[in-house]
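So the chains spell out like this:
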Amino acid sequence: MSRILVVDDERNVLTSFQHLLGKKGHEVLTAKSGEQALSLLGSNSPDLILMDIRMAGLSGLETFRQAKAIVPKVPVIMMTAYGTTDTAIEAMKLGAFEYTLKPFDIPKLTALIERALAMGQLMRTPVTYGAADADARAQRIIGKSSKMIEVYKLIGQVAPSNVTVLIRGESGTGKELVARAIYHHSQRAERPFIAVNCAAIPETLLESELFGYEKGAFTGAVARKPGKFEQASGGTILLDEVGDMSPSTQAKVLRVLQEGTCERLGGHETIRVDVRLLAATNQDLEALIRDRRFREDLYYRLHVVTITVPSLRERKEDIPLLAEYFLKRYSRELQKSGMRLSPEALERLSAYEWPGNVRELENCIKQAMVLGQGDVLMPEHLRLGQSSAVQLRSAPESLNAVRELARQHLEQAPGSAHQHLIEQVEAQLILEALMQTQGNLAQAAKLLGITRPTLREKISKYRIQRRVHLNQREG
Ligand SMILES: Nc1ncnc2c1ncn2[C@@H]1O[C@H](COP(=O)(O)OP(=O)(O)OP(=O)(O)O)[C@@H](O)[C@H]1O
Ligand SMILES: [Mg+2]
C-alpha cells in the first residue's frame, strides 16, 4: 500500500482518484490547491504526488517547485489538458516523473502510477552493506568475503565523486544493487536515480527513451517529450545491459560523456545534460569490440573505474549468510517465520555451483520455504541444478523485458498494441524453435505445441527466412 497525494482544484477529479486508487489499496490524500498541498507536505510524506497544472492560486508548476524542496525524492506526475503540455514539459525538465493528459486513459494512468511508485521506492530505499543494519527498510548487500569487502571499498571510493563507473559481473551477482549503493552514497543521493535496461527496450525506441523527441519526429510523436538524460538532470543514470545498445545510441551516449550535451530526436536544440553515468553489463565487452558491435572509444569512457562483482561460486563462504538473510526476508512475505536450514541442506547449498548466482539462491530459498513443511528445511526441499535453475536465473529479467515491451507498445502503438506485441513475440518464439531444431518443422512444431500446417502458416506470415533455418530434409 502506498500513500498518494492528489492535488487538483476540481472536486470530482479528487473523488475519482480516491475511488480509483482506493480500490487498488492505496491511501489517498487530497488537496484542492497548491497551498493546501504544501502545508500537507509539511507533516505527511506521500510516496507519489499527482498534480494538476492549472489551478487557481499557486500554479501546478510553482507548487511542484516548492514541493521538490520539501520532499525531493517523491515522484510527481503532472496532469494537464490536451494542448497545454508546455508547462508539463517544463516540469519534467525540472525533474517531474511524467505528465499525463486529461481526459485520463485509466489503464495507461494506472500503469504510469505503478511505475512512478516503483521508481520512488528505488530512490528512497537505501542500500547498505557491511555490518548489521539499524534501518529495517534498507536493502542490504550481503557478504563478508574478502572479494565483497573489496567491492564495498571500491563503492566507498567512487561514490562521492562524479566518475563514470562500469559494473561488471555474471547475471544475478548484484550489479544493480551495487549501482544503487553508489547512488545512495553519492552527493547526488537527493537527486533522481533512473535505471534504463537497454536490453528490455526495443532498439528503435531506446534512443527516443534516452534522448527524448520533438513533436513530429516520427509517427506517434504527438508532443515533445524530454528523454531520460534530461529528466535525470543533476542525478544519476544507470545504463543496464549497456552492451545491447545500437551503434547510433552508443555514439550519442559517447557525446553525452565527452561534451555533456545531446539533442532530442528530430530537434536541433543542443541540450546540456548534467548526469552521472553508471553502466552495467554481464557481457564480454572486449569481444563485442572485436566484433565491431561496441565502440572502443565509448568503452574507454565507461571503464574509467570498473567494479567487478564476484560470482557466488567465487565467494562460497557467503552462502550461509545469504541463505539466512533470504530466510528472514521471506518469512514475513510468506508468513512462515522461524524456518531454518538443516545442516545437510546448508551443505548442499555450499557444494552447488550457482550459475544464476545470488538471484538463483534467492529463488531457491524462496521456493524451499513454499515447499517445506515444518520448521526445518531439508535437502529434498531444495531444487538445485535442474532446468529450473536456468529458468529462475532469467525469469525476473525477461519478465521485466516483457513488461517494458508492453509499456512501449501501449505508448507507441495505441489502438494496435495487442496485435503488434503478440506478433513480435510470436515471431521470436518461432524463430527460436526453428533454430533449436535446425529448421526441422516436425520437431519445431512439437516443441511449440502447434501443428505443422499452423507452423508453416506462421513462417510465411512472418516471412521467416527458411533458407537459413530449414535443413533440406523437411519441406
Ligand atoms: N550481495 C547481495 N545481497 C543481497 N541480495 C543480493 C545480493 N546480490 C544480489 N542480490 C539479490 O539478487 C537479485 C539479483 O540482483 P541484481 O538484479 O542486482 O543482479 P544483476 O547482477 O543486475 O543481474 P543481471 O545481470 O541478471 O541483471 C536481486 O533480488 C538482489 O536483491
Ligand atoms: Mg541487472
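Rules used in this analysis
Residues numbered from 1 in each chain as written. Chains lettered and ligands numbered in written order. Predicted model: local features only at pLDDT ≥ 70, side-chain atom pairs only at ≥ 80, totals over all residues. Heavy atoms only, no water. Helix = DSSP H or I, 4+ residues; strand = E, 2+ residues; numbered from the N terminus. Rg over C-alpha atoms; globule rule 2.2 N^0.38 Å. Areas by Shrake-Rupley, 256 points an atom, 1.4 Å probe, with all protein chains shown as cover. Lys, Arg positive; Asp, Glu negative; His and termini not counted. Charge placed at Lys NZ, Arg CZ, Asp CG, Glu CD. Pairing = 2+ DSSP bridges. Axes fitted to C-alpha atoms, helices over the stretch in contact; angles between N-to-C directions. Salt bridge = Lys/Arg side-chain N within 4 Å of Asp/Glu carboxyl O. Buried < 20%, exposed > 50% of the residue type's maximum accessible area, 1.4 Å probe, protein only. Near = heavy atom within 4 Å. Polar contact = N/O pair within 3.5 Å; in protein donor to acceptor, adjacent residues only side chain to side chain. Nonpolar A, V, L, I, M, F, W, Y, C, P; charged D, E, K, R; others polar. Domains from an automatic or database assignment. Core = buried A, V, L, I, M, F, W, Y, C linked by side-chain atoms within 4.5 Å. Contact = heavy atoms within 4.5 Å. Expected span 1.5 Å × (residues − 1).

A. How the structure looks around the overall build of the protein. Each helix and strand in the protein was counted, giving 20 helices and 18 strands. Taken over the C-alpha trace, the protein has a radius of gyration of 24 Å; the compact-globule value for 475 residues is 23 Å, and the two agree within 12%. Its C-alpha atoms give the protein principal-axis dimensions of roughly 70 × 60 × 50 Å. Surface accessibility of the protein: about 23100 Å² in total, with carbon and sulfur atoms responsible for 52%. Averaging the positions of the 62 positive and the 56 negative side-chain charges in the protein gives two centres separated by 2 Å.

B. Main features of the sheet that holds strand β2 (residues 27-31). Spatially, the five strands line up as an open sheet ordered β2-β1-β3-β4-β5, and their pairing is parallel. Edge positions in the open sheet fall to β2 and β5 (98-102), since each of these has one partner strand only. Sheet twist, expressed as the average angle between the axes of neighbouring strands with direction ignored, equals 20 degrees. Summarising the sheet, strand β3 (residues 48-52) and strand β4 (residues 76-81) pair through four bridges and their orientation is parallel.

C. Structural view of the sheet that holds strand β15 (residues 276-281). Taken together, five strands build an open sheet; the order of strands is β9-β12-β15-β8-β16 and the sheet is parallel. The outermost strands of the open sheet, each flanked by one partner alone, are β9 (193-197) and β16 (305-308). Neighbour-to-neighbour, the strand axes of this sheet turn through a mean angle of 20 degrees, independent of strand direction. Relative to β15, strand β12 (residues 236-240) is paired through five bridges, and the arrangement is parallel. The partner of L239 across the bridge, within β15, is A279.

D. Representation of the pattern of salt bridges. Counted by the stated rule, this structure contains 28 salt bridges. Here R264 ties to E214 by a salt bridge, and the two come within 2.7 Å at their closest N and O atoms. Linking R264 in the loop between β13 (261-262) and β14 (271-272) with E214 in the loop between β10 (212-213) and β11 (225-226), this pair joins segments that are 50 residues apart in sequence. By relative accessible area, E214 is classed as buried at 16%. Each of E98, R115, E209, K225, K228, R407 and E411 takes part in a single network of salt bridges with overlapping partners.

E. Fine view of the site of ligand 1. In the region of ligand 1, 22 residues are neighbours, and I142, S171, G172, K175 and E362 sit closest. One of the backbone N or O atoms of I142 is found 2.8 Å from a nitrogen atom in ligand 1. Here an oxygen atom of ligand 1 and a backbone polar atom of G172 are 2.8 Å apart. Surface burial for ligand 1 is 92%, taken as the share of its 630 Å² of free accessible area covered by protein chains. Each residue belonging to the shell around ligand 1 can be placed in one class, and the counts come to seven nonpolar, six polar and nine charged.

F. Fine view of the domain arrangement of the protein. We note that the domain assignment places domain 1 (3-124), domain 2 (146-308), domain 3 (312-389) and domain 4 (415-469) within the protein. For domain 1 versus domain 4, the separation of C-alpha centres amounts to 44 Å.

G. Quick look at the nonpolar core. In this structure, I182, F229 and L239 are the most contacted members of the largest nonpolar core, which totals 77 residues. The leading source of residues in this core is helix α5 (residues 106-124), at seven residues. When residues of this core are assigned to domains, at least three fall in each of domain 1 (3-124) and domain 2 (146-308). Contacts of F229, omitting those with residues within four sequence positions, involve L210, F211, I237, V253, V256, V273, V275 and L277.

H. Examining helix α13 (residues 319-333) more closely. Its 15 residues place the ends of α13 21 Å apart at the C-alpha level, agreeing with the 21 Å of an ideal helix rising 1.5 Å per residue. Within α13, the full set of buried residues consists of I319, L322, A323, Y325, F326, L327, Y330 and S331. On its buried face, α13 is in contact with β7 (139-141), β17 (340-341), α14 (343-351), α15 (357-371) and β18 (376-377). Phi turns positive, to about 50 degrees, at Q335, one or two residues after α13.

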